[in-house]
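Now for the letters of each chain:
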Amino acid sequence: MAEGSSAPTEVAPPGVNINVPHSARIYDYWLGGKDNFAVDRAVGEAMIQAIPGMRYMAKENRKFVHRVARDLVEKEGIRQFLDIGTGIPTRPNLHEVAQSLDPTTHVVYVDNDPIVLVHARALMISRPEGRSEYIAADIRRPTSILDDPALRDTLDLKQPVGLTLIAILMLLSDEDDPWGKVAELRDALPSGSCLAITHPTADFNPDEVNAAVAAATGAGMTLVARTREAVERFFGDWEILEPGVSPVSAWRPDEPVADPEAAYYWAGVARKP
């Protein structure tokens, strides 16, 4: 770089603080996206140093979203979804998978990062027969999500809903009572609804995961890895579908997985009786 020159200045949309890392943008960085800032890349790289397979894990999480959307439509008859903690859109998005099977499917996406909102409005375009909407809200306030006019106008809460919480509950500390927040969401949904969760864990490799958690928390983020038992609690008294709470790569894989525990996430789906 020539003397006197400086690095390009990063410019963010209104409401986005580029000095504070955000999980959605870190995840975008791991997936090879461009919607992230220096602070996100720094934390993302620190976590990769702790877990060299981090990019692989992010991709396995996305594959789970595709499989679960497909199975909930084809096997459980779900035609409407509530996806909380959407993240920056990465194609194919949940509604694209679901609507490829039934174009009439309705989807509501929820996230609390303004940059996600910018992209959601541009990319999450529904097929004409269905509908896709976005809500700027936080899982810490379930009522604000459930009472949002866009949700009420898009989803019929008297009919089964597929609630997806993908790599989001890790951002709530135990003091936030994530189990209580998920229970509020479960209680609002009718019989036949399904809940899909992925959650990072230290069960498979404590040293690497604890180092990644330390990198995130050292940057001011909340990141909690939980045990299989703690993840199972999120499903309450709903019926956990086969194959149970499993390593994310091993949940109904499309093809055999050489090492299911190479991605340090638990995943599961349950149905409301």
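As shown above, the structure is provided for reference.
Remember, it's a predicted structure, so these values are computed and weren't measured experimentally.

Looking at the overall build of the protein chain
Here's step 1: Tallying secondary structure elements over the protein chain gives ten helices and eight strands in all.
Here's step 2: The globule rule puts the C-alpha radius of gyration for 273 residues at 19 Å, and the 18 Å found for the protein chain is close to it.
Here's step 3: Taking the principal axes of its C-alpha atoms as reference, the protein chain extends roughly 65 × 40 × 40 Å.
Here's step 4: Restricting the contact set of the protein chain to residue pairs at least 6 apart, pairs at least 24 apart contribute 75%.

Notes on the packing of aromatic side chains
Here's step 1: Applying the stated rule across the entire model yields four aromatic pairs.
Here's step 2: Here the basic side chain of R55 rests over the ring of Y29, its NZ or CZ set 4.8 Å away from the ring centre.
Here's step 3: Seen from the ring of W179, R233 lies directly overhead, with NZ or CZ sitting 4.0 Å from the centre.

Re unusual backbone geometry
Here's step 1: Looking along the chain, the bond that leaves R91 and enters P92 is cis, with omega of 0 degrees.
Here's step 2: Here P92 is to be found in the loop between β1 (80-84) and α4 (94-101).
Here's step 3: With an omega dihedral of 10 degrees, the bond running from E242 to P243 counts as a cis peptide bond.
Here's step 4: Its location among the elements puts P243 in the loop between β6 (239-240) and β7 (246-247).
Here's step 5: Even without glycine at this site, D177 takes up a positive phi of about 55 degrees.

Some thoughts on the environment of N205
Here's step 1: Turning to its location among the elements, N205 is positioned in the loop between β5 (194-200) and α9 (206-218).
Here's step 2: Placed 77 residues apart in sequence, N205 and P128 show a C-alpha to C-alpha distance of 45 Å.
Here's step 3: Side chain to side chain, N205 and Y264 meet in a polar contact 3.3 Å long.

A closer look at helix α1 (residues 23-30)
Here's step 1: Among the eight residues in α1, eight count as buried, and that is most of the element.
Here's step 2: Residues of α1 that are buried: S23, A24, R25, I26, Y27, D28, Y29 and W30.
Here's step 3: Among the residues trailing α1, G32 stands out with phi positive, at a value near 90 degrees.

Considerations on the pattern of salt bridges
Oppositely charged side chains may form a pair once their charged atoms are brought near each other.
Here's step 1: Enumeration according to the criterion identifies 19 salt bridges in this entry.
Here's step 2: The partner of D113 in a salt bridge is R25, and the shortest N-O contact between them spans 3.4 Å. One end of the pair, D113, is in the loop between β2 (106-111) and α5 (114-123); the other, R25, is in helix α1, and 88 residues separate them in sequence. No difference in accessibility class separates D113 from R25, as the two residues are buried.
Here's step 3: The salt bridge partner of R271 is E76, with a shortest N-O separation of 2.9 Å. Of the two residues, R271 sits in strand β8 (residues 265-271) while E76 sits in the loop between α3 (54-74) and β1, which places them 195 residues apart along the sequence.
Here's step 4: What emerges from the salt-bridge pattern is a single network uniting R70, D71, K75, R252 and D254.

Considerations on a negative patch on the surface
Here's step 1: A surface patch of negative charge is lined by D177, E184, D187 and D237.
Here's step 2: Considering the arrangement of structural elements, one finds D187 in helix α8 (residues 178-187).
Here's step 3: In this structure D187 comes out as exposed when scored by relative accessible area, which is 60%.

Quick word on α8
Here's step 1: With seven of ten residues buried, α8 lies mostly within the body of the structure.
Here's step 2: Among all positions of α8, only P178, W179, K181, V182, A183, L185 and R186 are buried.
Here's step 3: If you follow the buried residues of α8, they end up packed against β1, α6 (142-146), β4 (162-166), β5 and α10 (228-233).

Description of the packing of α1 against helix α2 (residues 38-50)
Think of two packed helices as two axes; the pair is described by the angle between the axes and how far apart they sit.
Here's step 1: Packing of α1 against α2 leaves a shortest axis separation of 9 Å and a crossing angle of 65 degrees. Along this stretch, α1 crosses α2, giving a crossing that reads as right-handed. From α1, R25, I26, Y29 and W30 reach across to α2, where they touch D40, R41, V43, G44, E45, M47 and I48.
Here's step 2: Partitioned by chemical class, the residues of the contact of α1 with α2 number six nonpolar, one polar and four charged.

Observations concerning the nonpolar core
Here's step 1: Formed by 87 residues in total, the largest nonpolar core has its most connected members in W30, F64, L82, I84, L165 and V269.
Here's step 2: Among the elements that make up this core, the one with the highest residue count is α3 (nine residues).
Here's step 3: Among residues more than four places away in sequence, those in contact with L165 are I84, I139, V182, L195, A196, I197 and T198.

Details of the environment of D40
Here's step 1: Counting through the fold element by element, D40 comes out in helix α2.
Here's step 2: For the pair D40 and Y29, spaced eleven residues apart in the sequence, the C-alpha separation amounts to 7.6 Å.
Here's step 3: Discounting residues that sit within four places of it in the chain, D40 has contacts with V20, P21, H22, R25 and I26.
Here's step 4: Polar contacts involving the side chain of D40 include one to the main-chain amide nitrogen of H22, which spans 3.0 Å.

Cut-offs used in this document
- Residues numbered from 1 in each chain as written.
- Predicted model: local features only at pLDDT ≥ 70, side-chain atom pairs only at ≥ 80, totals over all residues.
- Heavy atoms only, no water.
- Helix = DSSP H or I, 4+ residues; strand = E, 2+ residues; numbered from the N terminus.
- Rg over C-alpha atoms; globule rule 2.2 N^0.38 Å.
- Contact = heavy atoms within 4.5 Å.
- Phe/Tyr/Trp six-rings, centres within 6.5 Å; stacked < 30°, edge-to-face > 60°.
- Lys NZ or Arg CZ within 6 Å of the ring centre and 35° of its normal.
- Polar contact = N/O pair within 3.5 Å; in protein donor to acceptor, adjacent residues only side chain to side chain.
- Buried < 20%, exposed > 50% of the residue type's maximum accessible area, 1.4 Å probe, protein only.
- Salt bridge = Lys/Arg side-chain N within 4 Å of Asp/Glu carboxyl O.
- Patch = residues over 30% accessible without salt bridge, like charges linked within 9 Å, V, L, I, M, F, W, Y side chains within 5 Å.
- Areas by Shrake-Rupley, 256 points an atom, 1.4 Å probe, with all protein chains shown as cover.
- Lys, Arg positive; Asp, Glu negative; His and termini not counted.
- Charge placed at Lys NZ, Arg CZ, Asp CG, Glu CD.
- Axes fitted to C-alpha atoms, helices over the stretch in contact; angles between N-to-C directions.
- Left-handed = near helix turned anticlockwise from the far one by under 90°.
- Nonpolar A, V, L, I, M, F, W, Y, C, P; charged D, E, K, R; others polar.
- Core = buried A, V, L, I, M, F, W, Y, C linked by side-chain atoms within 4.5 Å.

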